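# Coordinates in review
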Amino acid sequence: MNAHDTGELSFDVVIVGAGAAGLNAALLLGRARRKVAVIDAGEPRNAPAAHMHGFLSRDGLPPAELLELGRAEITRYGVQLIEGRVENISHESVDGGVGPEPATEGVSHAATTAAEDGGPAFTVRLAGGQVLGARRVLVATGLRDELPDLPGVRERWGKDVLHCPYCHGYEVRDQPLAVLGTHPGAVHQALLLRQWSDDVLFVRHTLDLTPEDRDRLECHGLRVIDGTIDRLAVEDGRLRGIELTDGRALPRAAAFLFPRMVPQDELLTGLGCIKDDGGWVVTDRTGRTSVPGVWAAGNVIDPRAQVITAAGMGSAAAFAINGDLTDEDVRRSVERRRQAHPASARSEAAHLNGARSEDVHPEGVRPEAGRPEAGRPEAGRSEAGRAEGAGR
């Protein structure tokens, strides 16, 4: 299947993004026998890296190989993998929706049908014109690293110009390293790197260091170099050092920098998902956003998430999404039976109401009195939903 197929398709869940978060969510939802589609734009954040680390049983595996294994696994459970780019997600519901404006034109038949049944419903449009209907949406589109405009940085990014000490520090241990002062986060990054090497230079570049930060760096065994970087010296396909504008050359085997990390969250903000003061979409522990029916997982909501962390976030989201769909399925089944047999439904309701009025606790307190009030966070959640939260 590809993004240029015609005709509408309807799914329980559409997952946008086929990295570790999206694929792991698809794996669990496929095993739960949900109808799932994963949209893959084919642009993983860690593509420049030759290996990934810190993933139990997969340490040192090339990132592309992990994704290939994941794609093969999800297709075994009937998950449909669609190559393409999502241009827009619109939201439709019978009560007017919760996004900025509910869609009223061009909404897919599948989304409209689901909305008429009273649940969240979404239309997912791909760049090639394909339209998908979904009852729930998981956005796992990651983030992009904006790199400083210094010659040699982009060329060696993910090789010997690095970001994460936990991902790559061990591979350059005991070598002469440099940290480039291109971002305020570089100070903490440099302090961490002393665990992997005794020879770490902090090249200040354009970063204004406070006296406290300079003191912390120097006391922790790092040498601060005051000077502006001209370029990274690259020879024979390897980083050789850092060249400053004043002519000094600093031989180094690897350099670390802190990129500006920008969440690729346009689909989420387009749906009206709330952001925090730092500019990241707000979610609960399962990845549920402020918009009913919309979840997010991975680097699109957490810049600190490593590959294994993102995979776990996808798993948590899948548990919650399946539980949410199950609650809706049960509610619809009850409503259909009541609509088909209105007389028996009224009789059953009267019987239950009578039973409840006589069902008094020995101390004289009705059982309902101990339940959460509607305004509390647990109100309205199913037993399955509470169990999911407790088990995480």
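Cut-offs applied
- Residues numbered from 1 in each chain as written.
- Predicted model: local features only at pLDDT ≥ 70, side-chain atom pairs only at ≥ 80, totals over all residues.
- Heavy atoms only, no water.
- Helix = DSSP H or I, 4+ residues; strand = E, 2+ residues; numbered from the N terminus.
- Buried < 20%, exposed > 50% of the residue type's maximum accessible area, 1.4 Å probe, protein only.
- Contact = heavy atoms within 4.5 Å.
- Areas by Shrake-Rupley, 256 points an atom, 1.4 Å probe, with all protein chains shown as cover.
- Pairing = 2+ DSSP bridges.
- Axes fitted to C-alpha atoms, helices over the stretch in contact; angles between N-to-C directions.
- Phe/Tyr/Trp six-rings, centres within 6.5 Å; stacked < 30°, edge-to-face > 60°.
- Lys NZ or Arg CZ within 6 Å of the ring centre and 35° of its normal.
- Salt bridge = Lys/Arg side-chain N within 4 Å of Asp/Glu carboxyl O.
- Polar contact = N/O pair within 3.5 Å; in protein donor to acceptor, adjacent residues only side chain to side chain.
- pLDDT = per-residue confidence, 0-100.
- Core = buried A, V, L, I, M, F, W, Y, C linked by side-chain atoms within 4.5 Å.

If you tally the helices and strands in the protein chain, you get 11 helices and 17 strands. Counting over 392 residues, the protein chain shows a buried share of 45%. Pairs at least 24 residues apart make up 61% of the contacts formed inside the protein chain by residues separated by at least 6 positions. Accessible surface, the protein chain as shown: approximately 20300 Å² in total, 50% of it carbon and sulfur.

Ordered by their spatial adjacency, 5 strands build an open sheet running S8-S15-S9-S10-S11, and the pairing between neighbours is parallel. Edge positions in the sheet fall to strand S8 (161-162) and strand S11 (223-225), since each of these pairs with one other strand and no more. Both S8 and strand S15 (residues 254-256) contribute to a ladder of 2 bridges, which runs parallel. Considered in S15, the bridge of valine 161 is made with alanine 255. Running at roughly 165 degrees to strand S9 (residues 177-180), helix H6 (residues 186-193) makes contact with S8, S9, strand S10 (200-203) and S15 of the sheet.

Moving on, we get to the packing of aromatic side chains. Tallied over the entire structure, the rule returns 1 aromatic pair. Its guanidinium or amino end placed over the ring of phenylalanine 11, lysine 35 lies 5.3 Å from that ring's centre, counting from NZ or CZ. The side chain of arginine 173 reaches across the aromatic face of tyrosine 170, ending 4.0 Å from its centre.

Looking now at H6. Most of H6 is tucked away, with 7 of its 8 residues classed as buried. Along H6, the positions that sit buried rather than exposed are Ala186, Val187, Gln189, Ala190, Leu191, Leu192 and Leu193. Turning to H6, the residues buried within the fold contact S8, helix H5 (165-168), S9, S10, helix H7 (211-219) and S15.

Quick look at the pattern of salt bridges now. When their charged atoms lie close together, side chains carrying opposite charge are able to pair. According to the stated counting rule, one finds 24 salt bridges in the structure shown. With its nearest N and O atoms 2.8 Å apart, the salt bridge here joins arginine 156 to aspartate 160. For arginine 156, a relative accessible area of 10% puts it in the buried group. Between aspartate 246 and arginine 248 there is a salt bridge, and its shortest N-O distance comes to 2.9 Å.

Next up on the list: the side chain of arginine 156. Counting through the fold element by element, arginine 156 comes out in helix H4 (residues 153-156). Engagement of the side chain of arginine 156 in a polar contact is seen with the backbone oxygen of glycine 237, the distance being 3.0 Å. Arginine 156 has contacts with Val161, Val234, Gly237, Arg238 and Leu239, leaving out every residue within four places of it along the chain.

Before going further, it helps to spend a moment on the confidence of the model for the protein chain. Looking at the protein chain, pLDDT values average 85 and 78% of them are 70 or higher. Here residues 1-7 is modelled with pLDDT under 50, and outside its nearest four sequence neighbours on either side it reaches 19 contacts, counting other chains as well. Contacts from residues 94-107, a stretch scored under 50 in pLDDT, to residues over four places away or in other chains number 27 contacts.

Positionally, histidine 163 belongs in the loop between S8 and H5. Residue class for histidine 163 comes out buried when judged on its relative accessible area of 18%. Here histidine 163 is in contact with Arg45, Trp157, Gln189, Phe256, Leu257, Phe258, Pro259 and Met261, once residues within four sequence places are set aside.

Within the largest apolar cluster, 58 residues are counted, with the highest numbers of intra-cluster contacts made by Val14, Ile15 and Ile89. Looking at which element gives the most residues to this core, the answer is helix H9 (residues 307-340), with 8 residues. Filtering out sequence-adjacent residues up to four positions away, isoleucine 89 remains in contact with Val16, Phe122, Thr123, Val124, Val137, Val139, Leu267 and Leu271. Counting 19 residues, the second largest nonpolar core, distinct from the first, contains Leu177, Trp196, Phe202 and Ala254.

Within the secondary structure, valine 153 is located in helix H4. Through-space distance from the C-alpha of valine 153 to that of leucine 232 is 6.7 Å; in sequence the pair is 79 residues apart.

Looking now at unusual backbone geometry. Look at aspartate 174: it is not a glycine, yet its phi comes out positive at around 60 degrees. Mapped onto the elements of the fold, aspartate 174 is located in the loop between H5 and S9. Not every positive phi belongs to a glycine, and histidine 205 is a case in point at roughly 55 degrees. Under the relative-accessibility criterion, histidine 205 is labelled buried at 11%.

This part covers the pairing of strand S4 (residues 86-92). When you tally the buried positions in S4, you get 5 out of 7 residues, the bulk of the element. The sheet contact formed by S4 and strand S5 (residues 121-126) spans 6 bridges and is antiparallel. Looking at the pairing, asparagine 88 lines up with arginine 125 of S5.

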